[in-house]
Amino acid sequence: MTDGRSGDRDEEFSLFVAERWPTLVRAARLIGCSASEAEDLVQSALVKCYVSWARVSRAVERDAYVYRLLLNTHRSGLRRRSSRETPTDLSRTAIAVAVDERTYLQTSVEAALGRLGAPARQIVVLRYYLDLSERQTAEILDIPAGTVKSRLSRALSQLSDDPALEGLPGWSPR
């Protein structure tokens, strides 16, 4: 038998997960995870959220808190990865034949992001995919706002020269 508060907590968490799951999985894909790794990463991060849901739900910027947890979970997973395992090479995806324009666009963006270093890729995903401010991005990554600006500038410069993005609809370098 559960009390009303536990049920409310579970319901609130379930609603949060249902609403945020697609965005979190897509963010995990964009920071360099394969489809199955992205789902595993999000699930692991959400388990941590559930355990500390009282703290998460009181956070002023709940989404930023969860994004930070997602990135920290990703980093710790990379540190534990066995030397026998190799990360998914997103550039291989670019070779696949695109079925439609959306798939082609997605594949091109993932390939270009895959050529960025992890810190730059994380900043681009936080700022442009998750639409966070420079301040929020800096807080999540625990770096100064100036570092966010400089890394973002270098990442955008690198992306503007990436051949995978050349000619894509809506893409205007620099």
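See the structure above.
Asker: For the overall build of the chain, give the residues involved together with the corresponding values.
Answerer: The helix and strand tally for the chain stands at nine helices and zero strands. Each helix and strand of the chain, ordered N terminal to C terminal, gives the series α-α-α-α-α-α-α-α-α. Here the chain, with 174 residues, has 37% of them falling under the buried criterion. Of the contacts made within the chain by residues no fewer than 6 positions apart, 62% connect residues no fewer than 24 positions apart. As displayed, the chain offers around 10400 Å² of accessible surface, 52% of which is attributable to carbon and sulfur atoms.

Asker: Can you tell me about the packing of aromatic side chains, naming the residues and giving the values?
Answerer: Given two aromatic rings, one states the distance between the centres and the angle between the planes to describe the pair. Tallied over the entire structure, the rule returns three aromatic pairs. Taking the centre distance of 5.3 Å and the plane angle of 55° together, the rings of phenylalanine 16 and tryptophan 53 count as tilted. Note that phenylalanine 16 is positioned in helix H1 (residues 4-30) and tryptophan 53 in helix H3 (residues 53-58), a separation of 37 residues in sequence. Of the two residues examined, phenylalanine 16 and tryptophan 53, each falls in the buried class. Among the aromatic residues, those joined into a cluster by ring pairs are Phe13, Phe16, Tyr50 and Trp53. Geometry around tyrosine 50 places arginine 9 over its ring, the cationic atom sitting 4.3 Å from the centre. One cation-aromatic arrangement involves arginine 127 over tyrosine 128; the distance from NZ or CZ to the ring centre is 5.7 Å.

Asker: An account of the packing of helix H7 (residues 118-129) against helix H8 (residues 134-141) is requested, with residue identities and associated values reported.
Answerer: Contact geometry of H7 with H8 gives a least axis separation of 9 Å together with a crossing angle of 135°. Our classification of the angle between H7 and H8 gives oblique. You can see that H7 and H8 cross each other, and the crossing is right-handed. Between H7, through Gln122, Ile123, Leu126 and Arg127, and H8, the contact on the second element is made entirely by Glu134, Thr137, Ile140 and Leu141.

Asker: Just give me the short version of the pattern of salt bridges, but keep the residues and values in it.
Answerer: Side chains that differ in charge, positive against negative, can pair when their charged atoms come close. Counted by the stated rule, this structure contains ten salt bridges. A salt bridge links arginine 135 to glutamate 61; the shortest N-O distance between them is 2.9 Å. Here arginine 135 is found in helix H8, whereas its partner glutamate 61 is found in the loop between H3 and helix H4 (62-80), with 74 residues between them in sequence. The network of salt bridges with common partners includes Glu19, Arg20 and Asp63.

Asker: Explain the environment of glutamate 19 to me, using residue names and the numbers behind them.
Answerer: Along the chain, the position of glutamate 19 falls in helix H1. For glutamate 19, the side chain forms a polar contact with the side chain of arginine 20, separated by 2.7 Å.

Asker: For unusual backbone geometry, give the residues involved together with the corresponding values.
Answerer: Even without being a glycine, aspartate 131 presents a positive backbone phi close to 60°. Relative to the helices and strands, aspartate 131 is located in the loop between H7 and H8. A relative accessible area of 63% places aspartate 131 in the exposed class. The phi angle at aspartate 142 is positive, at roughly 55°, despite the residue not being glycine. One can find aspartate 142 in the loop between H8 and helix H9 (145-160).

About the criteria used
- Residues numbered from 1 in each chain as written.
- Predicted model: local features only at pLDDT ≥ 70, side-chain atom pairs only at ≥ 80, totals over all residues.
- Heavy atoms only, no water.
- Helix = DSSP H or I, 4+ residues; strand = E, 2+ residues; numbered from the N terminus.
- Buried < 20%, exposed > 50% of the residue type's maximum accessible area, 1.4 Å probe, protein only.
- Contact = heavy atoms within 4.5 Å.
- Areas by Shrake-Rupley, 256 points an atom, 1.4 Å probe, with all protein chains shown as cover.
- Phe/Tyr/Trp six-rings, centres within 6.5 Å; stacked < 30°, edge-to-face > 60°.
- Lys NZ or Arg CZ within 6 Å of the ring centre and 35° of its normal.
- Axes fitted to C-alpha atoms, helices over the stretch in contact; angles between N-to-C directions.
- Parallel < 35°, antiparallel > 145°, perpendicular 65-115°, else oblique.
- Left-handed = near helix turned anticlockwise from the far one by under 90°.
- Salt bridge = Lys/Arg side-chain N within 4 Å of Asp/Glu carboxyl O.
- Polar contact = N/O pair within 3.5 Å; in protein donor to acceptor, adjacent residues only side chain to side chain.

Read these as spatial facts, not as claims about activity.
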